[in-house]
Amino acid sequence: MSERKVRVRFAPSPTGALHIGGVRTALYNYLFARQHGGDLVFRIEDTDSQRFVPGAEEYIIEAFRWLGIKFDEGVSFGGEYGPYRQSERKHIYKKYVDQLLNDGKAYIAFDTPEELEAKRSEIQNFQYDAQTRGKMRNSLTMTREEVESLMADGTQYVVRFKVEPGEDVHVNDLIRGEVVIKSDILDDKVLYKSADHLPTYHLANIVDDHLMCISHVIRGEEWLPSAPLHVLLYEAFGWADTMPQFAHLPLLLKPEGKGKLSKRDGDRLGFPVFPLEWHDPKTGEVSSGYRESGYFPEAVVNFLALLGWNPGTEQELFSLDELVKAFDISRCSKAGAKFDYQKGIWFNHEYILHKSNEEIAHLFAPVVANNGIDEPMERIIQVVGLMKDRVNFVKELWPLCSFFFIAPLSYDEKTVKKRWKENSAQVMAELGDVLERLTDFSLEHQEHEVLAWVESKGYRLGDVMNAFRLALVGEGKGPGMFDISAFLGKEETLRRLRRAIEILK
Ligand code: GLU
């Protein structure tokens, strides 16, 4: 590679919510930029006004803010290569279209949509190319006068790229190696439309990458078929020397592994395919997001980083900084990556474990408060410490932990049937006496004294503990019994014990 400064870009079209695959593309661009001391540019490709969706741009910016993926320049970030929104760059493109026309590398075509449609039904697999362009209505088949008079009349036209047949087009891809295709299979793509005076994606994309000094184009596999055309465009403009290096990332596949991941897969299996919740302004439909579903941004980043790339070691947990160090674009796979959403849940669980009890407690405290409970933070931290290894999301804590804060009002029938034996009331009353005598109510001390008592009485430890749990929790769940009683303290433990005896007898 040359000495060129690394400059990469993420260039979404604001056509709706950003798909999770787009998030991964941006992440890989970010990692690549950071590890090479380069720049990451945020460009909005909105030349197709038909597909513009209001709010999409803001959504995308907010998503990356949440994920902690920072851009160096671009829409809303400033920079010296702006404007970064293609709709604000309209005046720039015409000159480049004219350059290709003057050099004979592009031509003007007047074929109407109806005429093209007619050709398509007449000729199987019709494509506008070296084989067919001689029979179409364009500046190659018409006289100069005809063309000029049509244009003077305001007839709509498009500018098409003139692909020369019989050439090998080489695309050098950092992931796929050298891909060679025959230029004959390419069609003469439309680069510009007189109807809206706007370039198409292909032209604007190439011109902007060039003007913004982009060194590497890292994007999804769905853009691979466009790459040969892009190579030819660079050559046609005389920019081959500064052509960016390509890297086409593997497709994200359905969890089952066959076919491209779609929003429907998320609806079907119950996982989000968008970073943030999305309210479709046209249909009013609401789609779930990773943020609102309770994922940590770090977990989402970690999960996505490993979908299509692997470090070559067993390590799975990576902070963003560690990813910057470990990431290697040449280690990305060519094969599609199965979107194993269960693995995403696993990552969230790992981040719950990894984060301090204090941090989780700060997220959990509002839930506790919303349930009308006024507990000091240390008590919430303590509960989190006892319970966090059992949940994948903070929102799962309350149903599992509410008994720490609220005494059972009733007792689960099934558990009563199974665990509350004939002598349980009497044994629990004895246990109450044992506990009442304790001056030290620490977990260790309780355990020591209660076990000694159980042994001296010849009771079955399991029976005693099951009844004890039922009395304090109301059902058969929860962490170690003495963890619970130590947390509740002597007074509350005895109160719950005695109430259970009274009600269950
Ligand atoms: N605007 C294209 C998109 O929506 C950009 C493709 C590219 O990165 O070249 O993904």
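Residues numbered from 1 in each chain as written. Predicted model: local features only at pLDDT ≥ 70, side-chain atom pairs only at ≥ 80, totals over all residues. Heavy atoms only, no water.

### Description of unusual backbone geometry
What counts is decided by this rule: Strands are runs of DSSP state E lasting at least 2 residues, helices are runs of H or I lasting at least 4, and numbering of each runs from the N terminus.
Here the residue pair G82 and P83 is connected by a cis peptide bond, since its omega of -5° sits within 30 degrees of zero. Take P83: it is sitting in the loop between β3 (73–74) and α3 (90–102). A positive phi is found at N125, a non-glycine position, where the angle reads about 50°. At H197, a residue that is not glycine, the phi angle is positive and equals roughly 55°. Locating H197 in the fold gives a position in the loop between β8 (190–193) and β9 (198–199).

### As for the pairing of strand β1 (residues 7–10)
What counts is decided by this rule: Exposed residues in this analysis have more than 50% of their type's maximum accessible area, buried residues have under 20%, and partly exposed residues fall in between, with area computed by a 1.4 Å probe over protein chains only. In short, DSSP must find at least two bridges between two strands for them to pair. A clockwise course of the path from the first strand over the helix to the second, judged with the strands pointing away from the viewer, identifies a crossover as right-handed.
Both faces of β1 are covered, namely the face carrying R7 and R9 and the face carrying V8 and F10. Sheet analysis places β1 next to strand β2 (residues 39–42), joined by 4 bridges and oriented parallel. Its bridge partner being in β2, V8 is matched across the sheet by L40. What joins β1 to β2 is helix α1 (residues 20–35), and the crossover it makes is right-handed.

### Some remarks on the pattern of salt bridges
Where charged atoms from two side chains of opposite charge come close, those side chains can pair. Put simply, the rule is: What makes a salt bridge here is a side-chain nitrogen of Lys or Arg within 4 Å of a carboxyl oxygen of Asp or Glu, nothing more.
Going through the model one piece at a time under the given rule, you end up with 39 salt bridges. Its salt-bridge partner being R291, residue E292 comes within 3.1 Å of it at the nearest N-O pair. Residue E292 is classed as partly exposed on the basis of its relative accessible area, which comes to 35%. A single network of salt bridges, built from pairs that share partners, joins K5, R7, D39 and E73.

In short, the description is geometric, and any link to function would need to be established separately.
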